[in-house]
Amino acid sequence: MSPLAYVKSALAVLAVGTAAHALTQIVPLPHVSVLFLAAVITSAALWGLGPSLFAAILSVAGGSFFFYTPLYSFHVANPQDFADLTVFVVAAVLVSRLADGVRRQAREIADARLKAQGEALREALLNSVSHDLQTPLSAILGSATVLESLEERAEPRARRELAATIREEAERLASYIGNLLDLTRVRSGQIAPRFELVELSDIVNGALRRKERALAGRELRVTVPPGLPMLRLDLFLMEHALANVLDNAAKFSPPGSTVSVAARREDGEVVLEIGDAGRGIRAEDRERVLEPFHRGSHSDAGPAGTGLGLAICRAFVEANAGKVAILGDGAGRGTRVQLRLPVPP
């Protein structure tokens, strides 16, 4: 046990003793030891059995010295006072053990829950890595092998298609590894936003440039009205967060459909809403998909994904004091991801 815990227990006893002395100047207390029990319970709940027993010893010594006759002496002359202190000692020991037991049990439950969450995350990570790394690597290796075996007189179109497959799968692999690295930053608490005043249009334009290839074949509707206030944000984190949402919108909406990006001001916030024309996310899944490795219930039949994009988006938005919400108009009517960002005073 840390010596600091015993120092804190002593300070708790001192605080209770000071309060008891002030009270006895106003109202005579027949059993002042009851007040000292508060210091014992606090010590047991916060610092454990040892400091709580230490607090009990200090309480008995302080009570007998300052509150029981003869004053300023450790001798207790009145049998009733002696019985009072004896009952206090027994009660303090019992309470200390009970409170320490509850504290240990709570800690064990928390440790077990944390371990279970860690195991679940590790299993999800292994499953994701085994699938989402293997798929693009297999495509890259297969295309490269075919490209290598083609004769010089082979059609240029076939070569271009194989080269495009290699590039697309390599980009997909790089995106997946980037998401894993971002998740590591989130989990280790290494997100350190570098705040600056930025225009929302700069964030939107930057994210759209990043996802230009992914959004090809979709109709884009961008509505960022002039006059929106500047925001105090980390430009890189917010652009990355929006790019992840756009990537999801492109992935889950069919070619030829509309992807919308609309901004507006509501009271002290700027609301940015990204909508797609995909299958939508069920109401019961809308909170879960913001957690790492969680995908919608119907996603197994949809495009491949890691379940990291929205989780990283939420972490980056919350690092900028914003909020993320998943909205929808029902099954088959698409998904709307809403980012709420505070307007600086």
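Everything here concerns the structure above.
Conventions and cut-offs
- Residues numbered from 1 in each chain as written.
- Predicted model: local features only at pLDDT ≥ 70, side-chain atom pairs only at ≥ 80, totals over all residues.
- Heavy atoms only, no water.
- Buried < 20%, exposed > 50% of the residue type's maximum accessible area, 1.4 Å probe, protein only.
- Helix = DSSP H or I, 4+ residues; strand = E, 2+ residues; numbered from the N terminus.
- Pairing = 2+ DSSP bridges.
- Core = buried A, V, L, I, M, F, W, Y, C linked by side-chain atoms within 4.5 Å.
- Contact = heavy atoms within 4.5 Å.
- Salt bridge = Lys/Arg side-chain N within 4 Å of Asp/Glu carboxyl O.
- Axes fitted to C-alpha atoms, helices over the stretch in contact; angles between N-to-C directions.
- Parallel < 35°, antiparallel > 145°, perpendicular 65-115°, else oblique.
- Left-handed = near helix turned anticlockwise from the far one by under 90°.
- Nonpolar A, V, L, I, M, F, W, Y, C, P; charged D, E, K, R; others polar.

Participant: How should I be thinking about the pairing of strand β5 (residues 269-275) in this particular structure?
Facilitator: For a regular strand, side chains alternate in direction, first toward one face of the sheet and then toward the other. For β5, the buried fraction is high: 6 of the 7 residues fall into the buried class. Of the pairings in the sheet, the one linking strand β4 (residues 258-266) to β5 comprises 7 bridges and is antiparallel in character. Bridge pairing links E266 to E269 in β5. In sequence, β4 turns back onto β5 through a hairpin of 2 residues, with D267 there showing a positive phi of about 55°. Here β5 pairs with strand β7 (residues 335-342) via 7 bridges, running antiparallel. Residue V271 lies in a different strand from β7, and its bridge partner there is R340.

Participant: Is there a simple way to explain the nonpolar core in this structure?
Facilitator: In globular proteins that are soluble, nonpolar side chains generally tend to be buried together. With 45 residues, the main nonpolar core has L200, L242, L246, L272, I274, V317 and L339 as its most contacted residues. The element that contributes the greatest number of residues to this core is helix α8 (residues 235-252), accounting for 9 residues. When sequence neighbours within four positions are dropped, the list of residues in contact with V317 reads M238, A241, G322, K323, V324, L339 and L341. Within the second largest apolar cluster, 8 residues are counted, among which are A12, V13, A39 and A55.

Participant: Looking at this structure, I do not really get the pattern of salt bridges. What am I missing?
Facilitator: Where charged atoms from two side chains of opposite charge come close, those side chains can pair. Inspection of every chain in the model, using the stated rule, returns 11 salt bridges. A salt bridge links E266 to R340, with the nearest nitrogen and oxygen atoms 2.9 Å apart. Of this pair, E266 sits in strand β4 while R340 sits in strand β7, and the two are 74 residues apart along the sequence. One salt bridge in this structure joins R336 and E273, with 3.2 Å as the shortest N-O distance. Here E273 lies in strand β5 and R336 lies in strand β7, a separation of 63 residues in the sequence. Where salt bridges share partners, they join R264, E266, E269, E273, R336 and R340 into one cluster.

Participant: When you look at helix α9 (residues 309-319) in this model, what are you seeing that I'm missing?
Facilitator: One turn of the α-helix equals 3.6 residues, which is why residues spaced by three or four share an orientation. Of all 11 residues that make up α9, 9 are buried, and the element is covered over most of its length. When α9 is considered as a whole, its buried residues turn out to be G309, L310, A311, I312, C313, R314, A315, F316 and V317. The positive-phi residue at the C-terminal boundary of α9 is A321, with phi of around 65°.

Participant: How do you make sense of the packing of α8 against α9 when you look at a structure like this?
Facilitator: Between two packed helices, both the angle of their axes relative to each other and the distance between the axes serve to describe the pair. Look at α8 against α9: their axes get within 8 Å of each other, and the N-to-C directions meet at 150°. When the axis of α8 is compared with that of α9, the two are roughly antiparallel. Considering only the axes of α8 and α9, their crossing is left-handed. For the pair α8 and α9, the contacting residues are L237, M238, H240, A241, N244, V245 and N248 in the first and G309, L310, I312, C313, F316, V317 and A319 in the second. Taken together, the residues of the contact of α8 with α9 sort by class into 10 nonpolar, 4 polar and no charged.

Participant: Help me understand the pairing of β4, please; the structure alone is not making it clear to me.
Facilitator: Both strand β2 (residues 219-223) and β4 contribute to a ladder of 5 bridges, which runs parallel. Across the sheet, residue E219 finds its bridge partner in β4, namely T258.

Participant: It is not clear to me how the sheet that holds β2 should be interpreted in this structure. Could you clarify?
Facilitator: Sheet strands pair via backbone hydrogen bonds, and the direction of the pair is either parallel or antiparallel. Read across the sheet, 5 strands follow the order β2-β4-β5-β7-β6 without closing on themselves; strand pairing throughout is mixed. In this open sheet, the two edge strands, each paired with only one partner strand, are β2 and β6 (323-328). Between one strand axis and the next, the sheet turns by 15° as a mean value, whatever way the strands run. Two strands pair when backbone bridges link them, and β6 and β7 are joined in this way by 6 bridges, in the antiparallel orientation. Residue pairing for β7: G328 is matched across the bridge by T335. Strands β6 and β7 of the sheet are contacted by α9, whose axis makes an angle of about 140° with β6.

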